[in-house]
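Breakdown of the fold
Read off the chains here:
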Amino acid sequence: MYYSLGDLIWIFLLALPAWYFWAGMAAKDRVRRIVKDHCMKTGVQLLDDTVMLDRTRIKRDRHGQLRIQRRYEFEFTSTGERRYEGFAVLHGQRITQIQLSPFHLD
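Now for a quick tour of the structure. Quick caveat: nothing in here was measured; it's all calculated off a predicted structure.

**A word on the overall build of the protein chain**
- Regarding its fold elements, the protein chain presents one helix and five strands.
- Reading the helices (α) and strands (β) of the protein chain from amino to carboxyl end gives α-β-β-β-β-β.
- A compact globule built from 106 residues should have a C-alpha radius of gyration of about 13 Å, whereas the protein chain, at 18 Å, is more than 25% larger.
- Expressed along its principal axes, the backbone C-alpha trace of the protein chain runs to roughly 70 × 30 × 20 Å.
- Residue burial in the protein chain is summarised as follows: out of 106 residues, 26% are buried.
- Of the contacts made within the protein chain by residues no fewer than 6 positions apart, 41% connect residues no fewer than 24 positions apart.
- Counting only carbon and sulfur atoms, one obtains 57% of the accessible surface of the protein chain, whose full area is about 8000 Å².

**Points about the nonpolar core**
- Ranked by internal contacts, the top residues of the largest apolar core, which has 14 residues, are Val31, Val35, Cys39, Val51, Phe74 and Phe76.
- Residue contributions to this core peak at four residues, all from helix H1 (residues 5–42).
- Excluding anything up to four places from it in sequence, Val51 contacts Lys28, Val31, Arg32, Val35, Tyr72, Glu73 and Phe74.

**With respect to unusual backbone geometry**
- Look at Asp48: it is not a glycine, yet its phi comes out positive at around 60°.
- With respect to the helices, strands and loops of the structure, Asp48 is situated in the loop between strand S1 (45–46) and strand S2 (52–60).
- Under the relative-accessibility criterion, Asp48 is labelled exposed at 56%.
- With phi around 50°, Asp49 is a residue other than glycine that occupies positive phi space.

**Thoughts on the environment of Ser4**
- As for its placement among the helices and strands, Ser4 is situated in the segment before H1.
- Owing to a relative accessible area of 38%, Ser4 belongs among the partly exposed residues under this scheme.
- In this structure, the C-alpha to C-alpha distance between Ser4 and Thr77, residues 73 residues apart in sequence, is 56 Å.

Criteria and thresholds
Residues numbered from 1 in each chain as written. Predicted model: local features only at pLDDT ≥ 70, side-chain atom pairs only at ≥ 80, totals over all residues. Heavy atoms only, no water. Helix = DSSP H or I, 4+ residues; strand = E, 2+ residues; numbered from the N terminus. Rg over C-alpha atoms; globule rule 2.2 N^0.38 Å. Buried < 20%, exposed > 50% of the residue type's maximum accessible area, 1.4 Å probe, protein only. Contact = heavy atoms within 4.5 Å. Areas by Shrake-Rupley, 256 points an atom, 1.4 Å probe, with all protein chains shown as cover. Core = buried A, V, L, I, M, F, W, Y, C linked by side-chain atoms within 4.5 Å.

Keep in mind these values describe shape, not function.
This is how it looks when you write it as structure tokens:
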């Protein structure tokens, strides 16, 4: 069975969104686990045990290679009364930044 160039292009165009969705779900789960661990070490609680994708773009890493950069937002609490926001940046497979907004201590 032989495929024409047009068939291969269609297969690629159909496989690309599936790959992007699968990679996005894996990235979100990775960031959620890392943020949850960071919140535990900081002494705050990650609310709803979730992170939300805020922005996606393509950016060069420190070696000059193009990588997908995803920014995730999340909410946390330090006292159980107020919600605070934070964000985490995943560049390729590396977390490059986790930032928590200023919060009250007990």
